[in-house]
Amino acid sequence: MTDFSTPKTTPFPSASLLGYPRIGRRRELKKAVEAYWAGKIDAAALDAAAKDIQLTTARRLQELGLTEAAAVPGTFSYYDQVLDTTAHLGAVPARFGKLLNAGGQLDIDGYFTLARGTKDQQPLEMTKWFDTNYHYLVPEIGPETEFTLASTAKVDEFAFALANGIETRPYIVGPVTYLLLSKASDGAPAGFAPLSRLEDILPVYVQLLEKLAAAGATWVQLDEPALVVDQDTPAGEVEAAVARAYEVLTAGAKRPQILVSTPYGSLDGQLGTLAATNIEALHIDVFKGAVPSAAALAGLGNKTLVAGVVDGHNIWRNDLAGSAAKLDELKAAAGKVTVCTSTSTQHVPHDVAEETQLSDQLRSWLAFSDQKAVEVKTLASYLADPASAQAAIDEATAVIGSRATAEGVRRADVRARTEALTAADFARSEYSVREAAQEEALHLPPLPTTTIGSFPQTPEIRSARARNNKGDLTDAQYEQLMKDEIKRVVELQEELGYDVLVHGEPERNDMVQYFAENLEGFDVTVHGWVQSYGSRCTRPSILWGDVTRSAPITVAWAEYAQSLTSKPMKGMLTGPVTILAWSFVRDDQPLRETANQVGLALRDEIADLEAAGIKVIQVDEPALRELLPLRKADHADYLKWSVDSFRLATAGAADATQIHTHLCYSEFGVIIDAIDGLDADVTSIEAARSRMEVVHDLESHGFGRGVGPGVYDIHSPRVPGEGEVTELLATAVKHVPSRQLWVNPDCGLKTRGYAETEESLRNLVKATRTVRAELLAAAK
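Residues numbered from 1 in each chain as written. Predicted model: local features only at pLDDT ≥ 70, side-chain atom pairs only at ≥ 80, totals over all residues. Heavy atoms only, no water.

Moving on, we come to the nonpolar core. Membership of the largest hydrophobic core comes to 92 residues, with the highest contact counts inside it found for F455, I617, L698 and V711. It is helix α18 (residues 475-496) that contributes the most residues to this core, seven residues altogether. Ranked by size, the runner-up nonpolar core spans 90 residues in total, among them A226, L227, L267 and V310. (Core = buried A, V, L, I, M, F, W, Y, C linked by side-chain atoms within 4.5 Å. Buried < 20%, exposed > 50% of the residue type's maximum accessible area, 1.4 Å probe, protein only. Helix = DSSP H or I, 4+ residues; strand = E, 2+ residues; numbered from the N terminus.)

With that settled, the discussion passes to the packing of helix α22 (residues 591-611) against helix α23 (residues 635-650). Closest axis-to-axis distance for the α22/α23 pair is 6 Å, and the angle between their directions is 20 degrees. It follows that α22 is roughly parallel to α23 by the angle criterion. Crossing of α22 against α23: the hand is right-handed. Mapping the contact onto sequence places L591, R592, A595, N596, G599, L600, L602, R603 and I606 in α22 and D637, W641, S645, R647, L648, A649 and T650 in α23. A breakdown of the residues in the contact of α22 with α23 according to their chemical character gives eight nonpolar, four polar and four charged. (Axes fitted to C-alpha atoms, helices over the stretch in contact; angles between N-to-C directions. Parallel < 35°, antiparallel > 145°, perpendicular 65-115°, else oblique. Left-handed = near helix turned anticlockwise from the far one by under 90°. Contact = heavy atoms within 4.5 Å. Nonpolar A, V, L, I, M, F, W, Y, C, P; charged D, E, K, R; others polar.)

Let us now look at the environment of E199. Turning to its location among the elements, E199 is positioned in helix α7 (residues 198-215). Taking the C-alpha atoms as reference, E199 lies 9.3 Å from A241; in sequence the two are 42 residues apart. Of note is the side chain of E199, whose polar atom sits 2.6 Å from the side chain of R244. (Polar contact = N/O pair within 3.5 Å; in protein donor to acceptor, adjacent residues only side chain to side chain.)

Our next topic: the environment of D80. Looking at the element boundaries, D80 is found in the loop between β1 (72-74) and α3 (81-89). For the pair D80 and S550, spaced 470 residues apart in sequence, the C-alpha separation works out to 40 Å. Ignoring sequence-local partners within four residues, the contact set of D80 consists of R22, Y111, Y134, H135, Y136 and L137. A distance of 3.3 Å separates a polar atom in the side chain of D80 from the backbone nitrogen of V82.

By the element assignment, K750 lies in the loop between α26 (722-735) and α27 (754-779). This buried residue, K750, is left without a salt bridge; D510 holds the nearest opposite charge, at 4.4 Å. (Lys, Arg positive; Asp, Glu negative; His and termini not counted. Salt bridge = Lys/Arg side-chain N within 4 Å of Asp/Glu carboxyl O.)

In this section: the pairing of strand β10 (residues 304-310). Of all seven residues in β10, seven are buried, a share of seventy percent or more. One ladder, built from five bridges, connects strand β9 (residues 281-285) with β10; its direction is parallel. For L282, the partnering residue across the bridge sits in β10 and is L305. Looking at chain direction, β10 and strand β11 (residues 337-341) are connected through five bridges and run parallel. The residue bridging A307 from the neighbouring strand is V339, located in β11. Running through helix α11 (residues 320-334), the crossover from β10 to the neighbouring parallel element β11 is right-handed. (Pairing = 2+ DSSP bridges. Right-handed = clockwise from strand over helix to strand, strands pointing away.)

Moving on, we come to the side chain of K30. Among the structural elements, K30 can be located in helix α1 (residues 28-37). A polar contact of 3.2 Å, which involves the side chain of K30, links it to the backbone oxygen of S535. Those residues within four positions of K30 in sequence are excluded, and the remaining contacts are I23, S535 and C537.

The next point concerns α27. Here α27 contains 26 residues, and its C-alpha end-to-end distance of 37 Å stays within 8% of the 38 Å for a straight helix at 1.5 Å per residue. Those residues of α27 that fall on the buried side of the exposure criterion are Y754, E756, T757, S760, L761, N763, L764, V765, A767, T768 and V771. (Expected span 1.5 Å × (residues − 1).)

We now examine the packing of aromatic side chains. Taken as a whole and assessed by the stated rule, the structure comprises 15 aromatic pairs. Relative to F112, the ring of W37 has its centre 5.4 Å away and its plane inclined at 85 degrees; by these criteria the two rings are edge-to-face. In this pair, W37 is assigned in helix α1 and F112 in helix α4 (residues 108-116), connecting sequence segments 75 residues apart. By relative accessible area, which is 24% here, W37 ends up partly exposed. (Phe/Tyr/Trp six-rings, centres within 6.5 Å; stacked < 30°, edge-to-face > 60°.)

Quick look at the state of the cysteines now. Two cysteines, two sulfur atoms, one covalent bond between them: this is a disulfide. In total, this model carries zero disulfides according to the counting rule given. Among the cysteines around C537, which has no disulfide bond, C747 carries the closest sulfur, lying 16 Å off. On the basis of relative accessible area, C537 is assigned to the buried category, the value being 3%. (Disulfide = S-S within 2.5 Å.)

Turning to the domain arrangement of the protein, a few remarks are in order. Segmenting the protein into domains produces domain 1 (15-297 + 338-344) and domain 2 (445-514 + 554-580 + 592-779). In this assembly, 33 residues from domain 1 lie in contact with 21 residues from domain 2. Between domain 1 and domain 2 lies a buried interface of about 2200 Å² when both sides are counted; carbon and sulfur atoms form 42% of it. For the domain 1 face of the interface with domain 2, the top three residues by lost area are Q122, M126 and D230, together amounting to 29%. Where domain 1 packs against domain 2, one counts five salt bridges. Between R631 and D230 there is a salt bridge, and its shortest N-O distance comes to 2.8 Å. Counting across the interface, domain 1 meets domain 2 through 14 residue pairs in polar contact (both at pLDDT 80 or more). Listing elements by their share of the side of domain 1 that touches domain 2, those giving two or more residues are α4, β2 (126-128) and β3 (135-137). The element contributing the most residues to the side of domain 1 that touches domain 2 is β2, with three residues. (Domains from an automatic or database assignment. Buried area = accessible area lost by both parts, 1.4 Å probe.)

Let us look at the UniProt feature "binding site: L-homocysteine" (unreviewed entry) in the protein. As annotated in UniProt, the feature "binding site: L-homocysteine" (unreviewed entry) corresponds to I452, G453, S454, E505 and D620 in the numbering used here. What stands out for the annotated residues spanning 169 residues is how close their C-alpha atoms remain, the widest pair being 13.5 Å apart. With respect to the element layout, E505 can be found in the loop between α18 and α19 (513-516). When neighbours within four sequence positions are excluded, E505 is seen to be in contact with G453, S454, Q457 and M572. Counting through the fold element by element, D620 comes out in strand β18 (residues 616-620). Ignoring anything within four residues of it in the chain, the contact list for D620 reads I452, M511, M572, L573, T574, G575, T578, T661 and H662. (UniProt positions renumbered as here; feature names shortened; annotations may be inferred.)

Pairing within the open sheet is parallel, and its seven strands lie in the order β1-β5-β7-β8-β9-β10-β11. Every other strand in the sheet has two partners, leaving β1 and β11 as the edge strands with one partner each. Between one strand axis and the next, the sheet turns by 30 degrees as a mean value, whatever way the strands run. On the sheet, α11 packs against β10 and β11 and is oriented at approximately 165 degrees with respect to β10. In the packing of helix α13 (residues 369-384) onto the sheet, contacts are made with β10 and β11, and the angle to β11 comes to roughly 165 degrees.

Turning next to α1. Counting along an α-helix, one turn takes 3.6 residues, and residues three or four places apart therefore face a common direction. For α1, every residue scored as buried is listed here: L29, K30, A32, V33, A35 and Y36. Against α2 (43-63), α4 and β14 (536-538) lie the buried residues of α1. Looking one or two residues past α1, G39 carries a phi angle of roughly 80 degrees, positive in sign.

Spelled out as structure tokens, the structure:
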């Protein structure tokens, strides 16, 4: 009988990844989950699909050289890693009622209920995961929250892999990060901090560790990325929480060895706190973060330092020579050192070898998840025997050098234009002047209604695009089909009674990729899918060179749509920061330079839209908060260049042209000054899932221009009733002057179906008319 009285002392693997894409190489998980939601497959078939993905991933990583025990990370998730932790802790908000089944477990249907909501109950709030385009589901914790081990999914996943001959490393979000990422529940008293429940969740973590040990796990990975972020919680309280959490978790007699991972930046002061605990291994990000001092590293004692020297967040080939130098420095101070990625590679696609449509030159510059596994293995070989890795290091150095001089990477004409910019290029007239000009041009009613841009992308639209790409549909035929769809969308909005219309964007596969395909300096992938949230996946474009626009991109579609209606038609553009955030951006120059290049391309597009008679132009910046640095000392510089790039794009617009922008899932209070600084005439913001929390930030800030806090959460299939929308609008009117308010959904409607979209938009208009009438009655 196995003795678990003390942790096994299996060495931490010399080479590993923090995580790997979990959606499947051809989005098999997305397809299976959505088939389950649609009732096309049962729970057993979903489980079988999940197991196949898990085993395929583990075997692939072993093929790439990660063959040591616990080298393969067990980071599978049906939806979200934070939701997984909520499920294991049984932290179901009281507003959902009794989701735990008779056995005290949160089954798969309960799990998806938290993610997607019900007809009568909104799902958990969603927001960005650190500085990535991944979204997590925010736990709701209060004094009333009960904690119990309500899932053993992580144990089951480990046991399944082990039964198939592969010992993985189970993963779960660490207790301190989990609570710091949580929000206070609706019933919590003012000032309640979820971190105060630390002592109550630790016993559940201990139980989970015991079960993993009993199943045979030698290592477990507890992810604590919140420790690389400047928190509102005082640093001393965070340090005390870390010390207490790992005092309890390491004291368990029956547990695996513990790796604490700290991705996305420098650990800084918390390094000493973790070094003083009894964990067996500590991961630090030394790709994005700095190499700690020798004195700090010496404090690790006998712990294994897991060095994140390979970037898990972007796709560029690793500078192996530079990474080797970092490893030399770490090894001299820390003793036991192994090699890993800086973050999970869930943020990058599977395999660059599959992108055969890209040039050989561009492919040689890139490293997707599979290539990063090879890089990690190469650097681990370097630690063991430097000579064994020298050929690979020399090759990487030569490729990186050739990239710097490749055609299109640096263009004299683009750089001359950005260098000639002056302060006047970033400023419009005063808002009061613009507001008067726009009122005269647009004649909009109080609480004007609009949508964010896209309408549902039907199977017919996607099929037409695919057939056009294959050559089975001529360009003329494809264009006519898209015009037919635009006409249908315009007529629907007219019938529903909307005030400012959109053309629905049927011609766009993705709001960033569409522009990448029409701007120089970009390339796009075929199989480069990454998870955004749940079953939602995107294909980030590759921004590798200087950016310029050689011809109008959106003008013909907007002009056609405007010809179908006398109401204002919005021109729809994606902003420079979002194009950068949702692409894999070149790493050989500051982001501010690239952002200004994109800003100038969009400035030219706006001028052409105006010339075509478009009076309302929306420049979406949903990723503005996403790129905000994790350390507060770096905020000001980022906010300056990100705001400037938007203003550069929009400042050439005439006073009578109404510039809109859109932002989604973020903590808006953190960047309210920057949102104000964009100087957009109208800003639409996610607000439905967070139940209008943003209006308090707007009120306290004194936001003075048009604003549309969303009243319809499009990231869930539920249809908000007229009464629900009316209530949200009534809340908004209490905190924001009604003359500033617009009424709109939270985001674009691309992922929704037409039946739910039409019903939701109809309810939105009905609610708006009710509130308008109340405002008119009150004015009389």
